[in-house]
Amino acid sequence: MSGLVRRISEDMDRQIVQEVYDEDTVSSTSVGMSDLSDEILLCILRHVPVCDLLLNVANVCHKLQTLCHDKTLLTHVSLSEEYLADDLLVRHILKQLANHVQSLSLNGCYWLSGSTMESLARCRAVTHLDITGCRVTSVRLSRLLSSLSLLRSLAFDVTPGFNSAQLSSEAVGSLSRLSELRQTLLTPSYGVVPCCAQLRKLMLQFDIPDVTREGVGVCCQLMVGQSSVPHYQQLEEFTARLAPGEVNQTLLLLYLAVFSVHVPKRLRVFLVSIPGPNPAHWPAAPSLAQSLGQQGDLEALQLPRSWLDSVSLKRALEGNSPKHLSFSRCPALWPQVFQSLLEGGVRDATQLTSLNLSGINQVLYSECRNVEDHLVPGTVSRLAVGCSNIKHLNLMHTHYHHEHSPGLAGETHLCASLVKFRRLRSLTLPACALSDGLNSHHLSTNTSPSSLFLGLKKAPRVGIQNYKPDSESALSGDSTSGLTQLLAGCPFLETLEIIGPGFVSAMPRLEPCTRASVEPRGMCAWARGVGDAHLAALEALPRLHRLTLAGLPGVLRGTGLVQLARQCRDLQVLSLANMGSLKTMNYTPALLDMLKQCTQLQELRLEQPYLNANVAFFEALSSCSRLQRLCLISRSGTFDPSATETFMERCGHVIMCHMFMGGTLVACRTLQKALLDRFSAERSALSVVIYPLQHEDLHSVIRDIPLTLLDRITLFQSHVAQPPHLSPL
């Protein structure tokens, strides 16, 4: 029996029974699991993964066997993170699900074979199917669609070699009845869009390289002149997410060509994310904005910075009550954004639940910056009052510099304004927004001694004090008063990202477009005021599940990491990058102590130029018994092959081990082969990539990583204030 099932069984008598029965009439010790009503047991079993449900729990007793096959538990099934399920097990599960399942997701099941995909055809009652990232050719897709006549929603990858002409008439008939389609395009193609005449939701992800592995340029000329140009007569939602590259932008414009002639009357969601500072121009954007404003039912809007001006944005928002808005890297629009949200430019601002203002007040670092480019606490306070239901807020790449004295009109700290977002669940902030002023530890003050005594004064010792895990001296002071206010007012935060203004990840796929839109490291002196005390203050967030800390040069010994780990016991996803000095890694001892506390951790992404993944590091990491995904990035880092192998043996749930470090190509390939040879048989989903970070062929290696892993953890990106189906690069 799996660990999850075992824990459920152990907790039955101890917790659940006491909530259901009156302690005065029923003794908790006399009530067993079998005494609970079917309704209560079904509520509990709903939280058990389907593989455990059918293979383990169902074998406990006859009653549980009957309940585990209840249609309410088997109607909506996801196998996306059943990493230990191999082909044989999945086929067995699908056989039992065949007569029940209506919504089935195998998103990201990259390890399953093509023959297993064909066994999906037995699930004839399926109406929603997600096989993104799975091995599906056009011929195999045709066979599958021919059997699923009730299908209404489909998600899959369009891979090189895909040919819609190979689809049978029965498959085309199934596609004609689809109302939802999500395509991940790995090659220039319309995919199956021309066959889908009744689409209401179209979600596209463009991930086509500009150059093939052989060095040949990729173009979209073959698409021009196709007779099956898509039309979106009934379209209500359109989303597109692009990876860097000219081909992706060209292909997007081909998909949008119809919008230049006709904007669907029911369109209420339009989300387009293009990375980099100079997206391709789309002349039809103003007319689209005007049409969205006239219809009055806009729910979500995101456009690249060059597609909208203030007038068009005003027209798009007028008379609407949007739920999600994203104006990432659109500094020219930010006055109009606040005017629309605060001065009646939308019908009902309280409907807004997700707001992405990343880079909204940032001019390019080549231009002149002044105080007018900073976030104003008073404006943010008004935004919090007017948009009172915001749950997800992204302020990455913005600036706020707090002086110790109150600002204009008695302004307080920005964090005091953010407290007014009472419903916040996820938040991304620039590091400088947490500082209470210029840190005296990093900047000179006016109290320097007279030059007369400088020759007599003993020179201070250069370096970092010895690490003491329980030391409070480094955390004393009132430099965290702003952050303390924020945490006290938003105790229910589950996701928090604190990112320095100049941080750029070393991973190469996004590096060129990222460097073009952020500032050089060290340009914002206020960010250096965020240090160990601020990290320790995060212990006030007991519900924290996801934490990202990146580009924080003010961190010295990392003692705050230990404190927050002791209190944030449910931390599941942790990303640390470029903390403290980049010339050495001073917080290693604190990091090791932190990892020993993170018993619930499932994902760890660690990026530091001089990371030493030695025996001590992997021993501490072995304490994270639930760890599934690990990514280490270090230009000059080192690793211990034996310690890595021992760690993989101890942590049996790890299915992703990506290490982009220093060292030779031979050493990296040797360790990668050793791990795959030893653990692949028992871990079907195992993905091991160990490669020198500065090697010239790294781009090709990254191209082979499954997108579900690449976007989730390997590449650094913000996940706050993004719709579930669109996470912009």
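Residues numbered from 1 in each chain as written. Predicted model: local features only at pLDDT ≥ 70, side-chain atom pairs only at ≥ 80, totals over all residues. Heavy atoms only, no water.

Asker: Teacher, can you tell me more about the overall build of the chain here?
Answerer: Within the chain one finds 26 helices and 22 strands. Out of the 729 residues in the chain, the part that is buried amounts to 54%. Across the chain, the fraction of contacts at a sequence separation of at least 24, relative to all contacts at a separation of at least 6, is 77%. Split by element, the accessible area of the chain, about 31300 Å² in all, is 50% carbon and sulfur. (Helix = DSSP H or I, 4+ residues; strand = E, 2+ residues; numbered from the N terminus. Buried < 20%, exposed > 50% of the residue type's maximum accessible area, 1.4 Å probe, protein only. Contact = heavy atoms within 4.5 Å. Areas by Shrake-Rupley, 256 points an atom, 1.4 Å probe, with all protein chains shown as cover.)

Asker: Would you mind showing me how to read the packing of helix α8 (residues 138-147) against helix α9 (residues 169-176) here?
Answerer: The relative placement of two packed helices is expressed as an angle between their axes plus a distance between the axes. Where α8 meets α9, the closest approach of the two axes is 7 Å, and the angle between their N-to-C directions is 65°. Considered as vectors, α8 and α9 are oriented roughly perpendicular to each other. Note that α8 runs across α9; the crossing there is left-handed. Contacts between α8 and α9 involve S142, L145 and S146 from the former and E170, A171, S174 and L175 from the latter. Grouping the amino acids of the contact of α8 with α9 by side-chain chemistry returns three nonpolar, three polar and one charged. (Axes fitted to C-alpha atoms, helices over the stretch in contact; angles between N-to-C directions. Parallel < 35°, antiparallel > 145°, perpendicular 65-115°, else oblique. Left-handed = near helix turned anticlockwise from the far one by under 90°. Nonpolar A, V, L, I, M, F, W, Y, C, P; charged D, E, K, R; others polar.)

Asker: Hey, could you run me through the nonpolar core in this one?
Answerer: The nonpolar side chains of a soluble globular protein tend to be buried with one another. One finds F238 and F270 to be the most contacted residues of the largest nonpolar core, which totals 215 residues. Residue contacts for F270: discarding those within four places in its chain leaves F238, L256, F259, W282, L288, L292, A300, L301, Q302, L303 and W307. M396, I499, F503 and F716 belong to the second-largest nonpolar core, a separate cluster that totals six residues. (Core = buried A, V, L, I, M, F, W, Y, C linked by side-chain atoms within 4.5 Å.)

Asker: Would you take a moment to explain the packing of helix α13 (residues 334-342) against helix α14 (residues 377-386) for this structure?
Answerer: Contact geometry of α13 with α14 gives a least axis separation of 10 Å together with a crossing angle of 40°. Looking at the two axes, α13 sits oblique to α14. The two elements α13 and α14 cross, and the hand of that crossing is left-handed. Across the interface between the two elements, F338, L341 and L342 from α13 touch T379, R382 and L383 from α14. When grouped by side-chain class, the residues that make up the contact of α13 with α14 number four nonpolar, one polar and one charged.

Asker: Would you take a moment to explain the packing of aromatic side chains for this structure?
Answerer: How two aromatic rings sit relative to each other is given by the distance of their centres and the angle of their planes. Inspection of every chain in the model, using the stated rule, returns 16 aromatic pairs. Aromatic pair F156 and F162: ring centres 6.0 Å apart, planes at 45°, arrangement tilted. The exposure class of F156 is buried, given its relative accessible area of 1%. A relative accessible area of 15% places F162 in the buried class. Centroid distance F270 to W282: 6.1 Å. Interplanar angle 10°. Geometry classified as stacked. Within this pair, whereas F270 is found in strand β8 (residues 269-273), its partner W282 is found in the loop between β8 and α11 (285-295), the two being separated by twelve residues in sequence. Of the two residues examined, F270 and W282, each falls in the buried class. (Phe/Tyr/Trp six-rings, centres within 6.5 Å; stacked < 30°, edge-to-face > 60°.)

Asker: Looking at this structure, how should I read the pairing of strand β6 (residues 201-206)?
Answerer: Note on strand geometry: in a regular strand, side chains alternate between the two faces of the sheet. Burial analysis of β6 places five of its six residues in the buried class, which makes it a mostly covered element. The sheet contact formed by strand β5 (residues 180-185) and β6 spans six bridges and is parallel. Bridge pairing in β6 links Q183 to L204. Bridging between β6 and strand β7 (residues 237-242) involves six bridges; their strand directions are parallel. By the bridge assignment, K201 is partnered in β7 with E237. (Pairing = 2+ DSSP bridges.)

Asker: Whenever I open this one, helix α20 (residues 559-567) confuses me. Can you help?
Answerer: Note that an α-helix has 3.6 residues per turn; residues three or four places apart therefore point the same way. The element α20 is largely enclosed, with a buried count of seven among its nine residues. Considered for burial, the residues of α20 that qualify are T559, G560, L561, V562, Q563, L564 and A565.

Asker: What is the right way to read the environment of N248 from this model?
Answerer: Among the structural elements, N248 can be located in helix α10 (residues 246-255). When its relative accessible area of 0% is taken as the criterion, N248 is described as buried. C-alpha of N248 to C-alpha of C220: the two residues are 28 residues apart in sequence and 9.2 Å apart in space. Apart from the residues within four sequence positions on either side, N248 is in contact with F206, D207, I208, L242 and A243. From its side chain, N248 meets the backbone oxygen of A243 in a polar contact 3.1 Å long. (Polar contact = N/O pair within 3.5 Å; in protein donor to acceptor, adjacent residues only side chain to side chain.)

Asker: Even after reading the chapter, I still don't get the state of the cysteines, so can you show me in this structure?
Answerer: A covalent bond between the sulfur atoms of two cysteines is what we call a disulfide. Following the criterion strictly, the structure yields zero disulfides and no others. Free of any disulfide, C598 has its nearest neighbouring cysteine sulfur in C624, separated by 5.6 Å. Judged by its relative accessible area of 4%, C598 is buried. Here C651 is not disulfide-linked; the sulfur of C624 is the nearest cysteine sulfur, at 7.1 Å. (Disulfide = S-S within 2.5 Å.)

Asker: Got a minute to help me understand the pattern of salt bridges in this structure?
Answerer: Close approach of charged atoms lets side chains of opposite charge pair. Evaluated as defined, the whole model comprises 15 salt bridges. The partner of R268 in a salt bridge is E237, with the nearest N and O atoms 3.3 Å apart. With a gap of 31 residues between them, R268 in the loop between α10 and β8 and E237 in strand β7 connect regions that are remote in the sequence. There is no split in this pair, since R268 and E237 are both buried. Here R678 makes a salt bridge to E649, at a shortest N to O gap of 2.9 Å. You can see R678 sitting in helix α24 (residues 665-679) and its partner E649 sitting in helix α23 (residues 641-650), a full 29 residues away along the chain. Among the residues examined, R678 registers a relative accessible area of 38% and is labelled partly exposed. The partly exposed category is assigned to E649, whose relative accessible area is 47%. (Salt bridge = Lys/Arg side-chain N within 4 Å of Asp/Glu carboxyl O.)

Asker: It is not clear to me how the side chain of S687 should be interpreted in this structure. Could you clarify?
Answerer: With respect to the secondary-structure elements, S687 resides in strand β22 (residues 687-692). With a relative accessible area of 9%, S687 lands in the buried category. A distance of 3.0 Å separates a polar atom in the side chain of S687 from a polar atom in the side chain of H658.

Asker: What exactly am I supposed to notice about the confidence of the model for the chain here?
Answerer: Where the model shows low pLDDT, its predicted coordinates should not be examined in detail. Per-residue confidence for the chain gives a mean pLDDT of 83, with 83% of residues at or over 70. Here residues 472-478 is modelled with pLDDT under 50, and outside its nearest four sequence neighbours on either side it reaches eleven contacts, counting other chains as well. (pLDDT = per-residue confidence, 0-100.)

Asker: Sorry if this is basic, but what is going on with unusual backbone geometry here?
Answerer: Backbone geometry places R329, a non-glycine residue, at a positive phi of 55°. Locating R329 in the fold gives a position in the loop between β10 (324-326) and α13. Here the phi dihedral of H397 falls at roughly 65°; this positive angle occurs in a residue that is not glycine. Mapped onto the secondary structure, H397 falls in the loop between β12 (392-394) and α15 (414-418). By relative accessible area, H397 is classed as buried at 13%.

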